[in-house]
Amino acid sequence: MEFGPILRAMGRNKMRFGLIVVEVALTLAIVANCVGLILDTRRELSKESGFDDDHLLSVRSTPFDKKFRDEQYIEQSIAQDLALLRGLPGVAAASNTPLLPWQGGGSSGTLKEAGTQNEPLRTQFYGGDDGTLDTLGVAIIEGRNLAPEDVQIDPNASSFNVVISKAYADLLFPEGGAVGKALQGARADRAFRIVGVFDKFYNPYAWNIGPYGLFSGTTSGSYAGGTHYLVRVERGAMTEVLKALEERMIALDDGRNVRVQTIAEVKGNFQRSMKTVVLSLNIVIGLLVFVTAVGIVGLTAFSVTERTRQIGTRRALGARRVDVLRYFLLENWILTSLGISLGLIGAYALNMVLVTFVDGARMDWRLLAAGVAILWATGFGAALGPAMRATRIPPAIATRNV
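Let us look at the structure shown here. Just so you know, these numbers come straight off a predicted model, no measurement behind them. (Residues numbered from 1 in each chain as written. Predicted model: local features only at pLDDT ≥ 70, side-chain atom pairs only at ≥ 80, totals over all residues. Heavy atoms only, no water.)

### A short note on the pattern of salt bridges
Here comes step 1: Tallying each qualifying case throughout the model produces 8 salt bridges.
Here comes step 2: Close ionic contact of Glu-44 with Lys-47 constitutes a salt bridge, the shortest N to O distance being 3.1 Å.
Here comes step 3: The exposure class of Glu-44 is partly exposed, given its relative accessible area of 26%.
Here comes step 4: Judged by relative accessible area, which is 29%, Lys-47 ranks as partly exposed. (Salt bridge = Lys/Arg side-chain N within 4 Å of Asp/Glu carboxyl O. Buried < 20%, exposed > 50% of the residue type's maximum accessible area, 1.4 Å probe, protein only.)

### Comments concerning the packing of aromatic side chains
Here comes step 1: Under the defined criterion, the tally for this structure stands at 12 aromatic pairs.
Here comes step 2: Both rings, one in Phe-198 and one in Phe-201, keep their centres 6.2 Å apart while their planes meet at 80°; by these two values the pair is edge-to-face.
Here comes step 3: Ring pairing ties together the aromatic residues Phe-51, Tyr-126, Phe-198, Phe-201 and Phe-215, which thus form one cluster. (Phe/Tyr/Trp six-rings, centres within 6.5 Å; stacked < 30°, edge-to-face > 60°.)

### Some points on the packing of helix α2 (residues 14-46) against helix α9 (residues 321-357)
When two helices pack together, you describe them by how their axes are tilted relative to each other and by the distance separating the axes.
Here comes step 1: Close contact between α2 and α9 brings their axes to 6 Å; oriented N to C, the two are set at 40°. As judged from the angle between their axes, α2 and α9 are oblique. α9 is crossed by α2, and the crossing has right-handed handedness.
Here comes step 2: Looking at the contact of α2 with α9 residue by residue, the class counts come to 17 nonpolar, 6 polar and 1 charged. (Axes fitted to C-alpha atoms, helices over the stretch in contact; angles between N-to-C directions. Helix = DSSP H or I, 4+ residues; strand = E, 2+ residues; numbered from the N terminus. Parallel < 35°, antiparallel > 145°, perpendicular 65-115°, else oblique. Left-handed = near helix turned anticlockwise from the far one by under 90°. Nonpolar A, V, L, I, M, F, W, Y, C, P; charged D, E, K, R; others polar.)

Written out as structure tokens, the structure reads:
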């Protein structure tokens, strides 16, 4: 094997070969982390809310008439709106809730079992009424649903009956038996009594809370913020309901604006940015691998041209074509392997930064193994063409210009 001559040749051209090593290292570090981010994003894109997204509508009533400043008028308006919405042909269920699937509309906080020293655990909070879960298409799997008498007008009441997601119930009470338990948060004078557990739940939040959710029975509406409703339509009735809904609500009370949007549109808008990220990262990966391959091709081709007479001399002294081919492929393998070694360190360092500051996932070693294999294959394929050209240099070339 020609390790000695190859290493001595590299030592005489440190800058040229060093740049390729650095290029391979950066490619592995960046590509491995980009692929990791792509896989994480695709997992997020594949998550299901657990709601009947394809048949849900968001209806937002934004008042401008000053009569809506009266809280009693808002309460009366909510009751009238719900009666109208639930009576529309093609509507299966309707609810007054700030929850907007795939967008937000709630808050988050930490709760623990009342009277214990357990660690408070974070969840998403949403207000809702006795029709919220039915509207979402979510099933109660333990206990009962919120009832009309659970819905309170005062959001600052001292106690609430609540329903929580199965994931949050399992987090709080791994041994089971969440129904009937009381929870408390930062305020010791406020209690939340669990009356039911539902499944399943996922709504993206500003940070990754997980599938942990809680609904308390509270009305939701104000002059400043407007009032939000969710409507679930029957299969095949979406077009009919969309045509009638806004017009009927304005006819009921024209002191407001009404905006209707399908949850499928909301979900599409939410996921569009993530799909753009995936596309951008794929382009970055393709460009990096292409540039690295071009660099290896250029370096090998330049080396062949620079050593034409040397190759001819070796051929004249009895070197076979396979010996010349092996020399350049081995040189490329050494360069690629040095770059990969540095790239492995860089990949883990970059991943630690992402995990610490961007809430990414820890890198799977199999991802790096695949990256190493791809770069070795890329280096071999890029160097093969110029190396094959070197094998066609005739021994007679050594005698030219002598």
